[in-house]
Amino acid sequence: MTCEEAKTRMTDYWSRTLGEAGETEFNAHLASCEACQSEVSRVGALWQGLDLLPLEEPSGKVRDRFYEMLGAYRQGLAAAEAPPAKRWWSMPAWQLAAAAGLVAVGLGIGYGVRGNGQPPAEVSQLREEVANMRQLVALSLMQQQSASDRLRGVSWAYRAEPSDREVLGALVSAVNHDANVNVRLAAVDALRRFSASPETSRAALQSLSKQTTPIVQAALIDLLVELKDPEAAPELRRLSGSETANEGVRQKAQWALERLQ
Amino acid sequence: MNRFLMGGMLAVLGALQAPAQNQAQNQNPAQITVAFSNPSQPRKLVVKTMMHRVSIKGYDGKDAIVESSAISERRRRERSIPPGMHPLNVGGGGIEVTEANNVVTVSAESMFGGGDIQIQVPVETSVMVNTLNNGVNVENISGEIDVESVNGPVSITNSSGAVLATSVNGKVTVALDKVAPGKAMSFSTMNGTIDVTLPADIKANLKMKVDNGDVYTDFDVKVTNDTFDTAQSNTGRGVRIRGNKTTYGTINGGGPEMQFTTFNGRILIHKK
């Protein structure tokens, strides 16, 4: 055995894993080599010293702490896995499902308690929740990129409470700013749901002065006639005499003026 | 972003675009092929034009292929550049085709020129067309179809996506093989007939409004009350006056809303 070989086996020697034959061979080398012998005794003392250190026993607290940590980790994991609230709101499918579910529950309870005098507080609370859900569906769909989705949002607006100002605001904004003619057209029609609000008529009149798409102008004129808004007369007069307005729009404005008088 | 500029600006194409340009030159001189940057994601085609007639067809491929006489016209003009000179400004008639974020945009917004623009895209592509003085044809598309024309007819056939189509002075013809469930649709024109063919089993709520004309259908439409009427009577506003005829109805028990609006024209709803 060379000194090199002996050095690689020293740790095995100290931990007594060389085996009988290996140990005999190693000892033979130590007897013949003073350098190796001194190294083994020097480092070997340290090695044995390490052995004498008491082995740390885990206390009972370690176990408790571990389970506490695991619990916290699981909680954190669950929180992280739950989708962020915003994403949940903006998924129309979820909203539709939730709204439909609430409507169904509401109907079921409504039928169940029918004829028992005043509806209990739970029912009116449920009704309010259904209304909120419908508002949510309408508002979020109206902000989608897909024009078909926005159209769907507008049709949900029909189911909102006639006093719902947020849905009314979203509809007015759609009438004025939606890039798609068909969405604007549907939004004008849905405004009729809010005919009791004085804002509706004002918004329709304002929008009529801004719209340039004939079919949307015609729909707005219909709405103003329906709302019997006398303040619409000046704008209708302007349109009926406007050379840039579409022929059909001029006719319609003229017809509306006669109706409003 | 890949950018392909037809006309004198071809010279500014950078190294990034070089492969596509070579590809285009190898083909029909009146044709440009543009790849969607992410074929596995939803694709969209946007077309904006003033004077061209637009035909869009779904095909069994993965690129957008744009073909137009305006392209060859443009290239002819490039060849006629006098020797030793370069174009400072080339007149109208050009087409610009760009691709960004899986949206291919074809725009020809000059008031001059004209002719056809034919575009082939994969069947599952959403299509959005805006045109002023000419018609639009869309065929065999299953994505959302959103078409607006001012003075031209709009025709959408053999398709299955959600459709929103409008014209001012043109007829709107739509024939759908099948309909994506839950999709709202709307068809409108100021002066023209709306002619829509729908699958026999479609579930829909219909809202049909026509000022000077009538509504015809071979569907079994259950005419329903306008839900608004009841709401209004609750507010005590009295009888509603209407200068037009709006009909509300359901087919096969009802479903997503389908809106049909025309001022001068008929509304035809066919069962396929």
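Below, the structure is looked at part by part. (Residues numbered from 1 in each chain as written. Chains lettered and ligands numbered in written order. Predicted model: local features only at pLDDT ≥ 70, side-chain atom pairs only at ≥ 80, totals over all residues. Heavy atoms only, no water.)

**Here's the deal with the overall build of chain B**
Phase 1 of the analysis: Scanning chain B from terminus to terminus reveals three helices and 22 strands.
Phase 2 of the analysis: Counting all 272 residues of chain B, 49% fall into the buried class.
Phase 3 of the analysis: Contacts in chain B between residues at least 24 apart in sequence constitute 61% of all its contacts with a sequence separation of at least 6. (Helix = DSSP H or I, 4+ residues; strand = E, 2+ residues; numbered from the N terminus. Buried < 20%, exposed > 50% of the residue type's maximum accessible area, 1.4 Å probe, protein only. Contact = heavy atoms within 4.5 Å.)

**Focus on the interface of chain A and chain B**
Phase 1 of the analysis: The interface of chain A with chain B comprises 35 residues on the first partner and 40 residues on the second.
Phase 2 of the analysis: Of the charged contacts in the structure, one is a salt bridge between lysine 207 of chain B and aspartate 189 of chain A, with a shortest N-O distance of 3.0 Å.
Phase 3 of the analysis: The tally of links from chain A across to chain B stands at 17 residue pairs in polar contact (both at pLDDT 80 or more).
Phase 4 of the analysis: Those elements that place two or more of their residues in the side of chain A that touches chain B are α8 (147-157), α10 (181-190), α12 (214-226) and α14 (247-260) of chain A.
Phase 5 of the analysis: Looking at side-chain class alone, the side of chain A that touches chain B contains 16 nonpolar, nine polar and ten charged residues. (Salt bridge = Lys/Arg side-chain N within 4 Å of Asp/Glu carboxyl O. Polar contact = N/O pair within 3.5 Å; in protein donor to acceptor, adjacent residues only side chain to side chain. Nonpolar A, V, L, I, M, F, W, Y, C, P; charged D, E, K, R; others polar.)

**Section: helix α9 (residues 165-177) of chain A**
Residues and elements named next belong to chain A.
Phase 1 of the analysis: Compared with the 18 Å implied by 1.5 Å per residue over 13 residues, the 18 Å span of α9 between its first and last C-alpha is a close match.
Phase 2 of the analysis: Those residues of α9 that fall on the buried side of the exposure criterion are Val167, Leu168, Ala170, Leu171, Val172, Ala174 and Val175.
Phase 3 of the analysis: For α9, the N-terminal capping position is held by aspartate 164, with its side-chain oxygen 3.0 Å away from the main-chain nitrogen of glutamate 166. (Expected span 1.5 Å × (residues − 1).)

**Here we look at the pairing of strand β13 (residues 163-167) of chain B**
All names here are of chain B.
Phase 1 of the analysis: With five of five residues buried, β13 lies mostly within the body of the structure.
Phase 2 of the analysis: Burial along β13 is two-sided: Val163, Ala165 and Ser167 facing one way and Leu164 and Thr166 facing the other are all buried.
Phase 3 of the analysis: In terms of strand pairing, strand β11 (residues 145-149) meets β13 through four bridges, oriented parallel. Its bridge partner being in β13, isoleucine 145 is matched across the sheet by valine 163.
Phase 4 of the analysis: Where β13 meets strand β15 (residues 185-191), four bridges bridge the pair, whose relative direction is parallel. (Pairing = 2+ DSSP bridges.)

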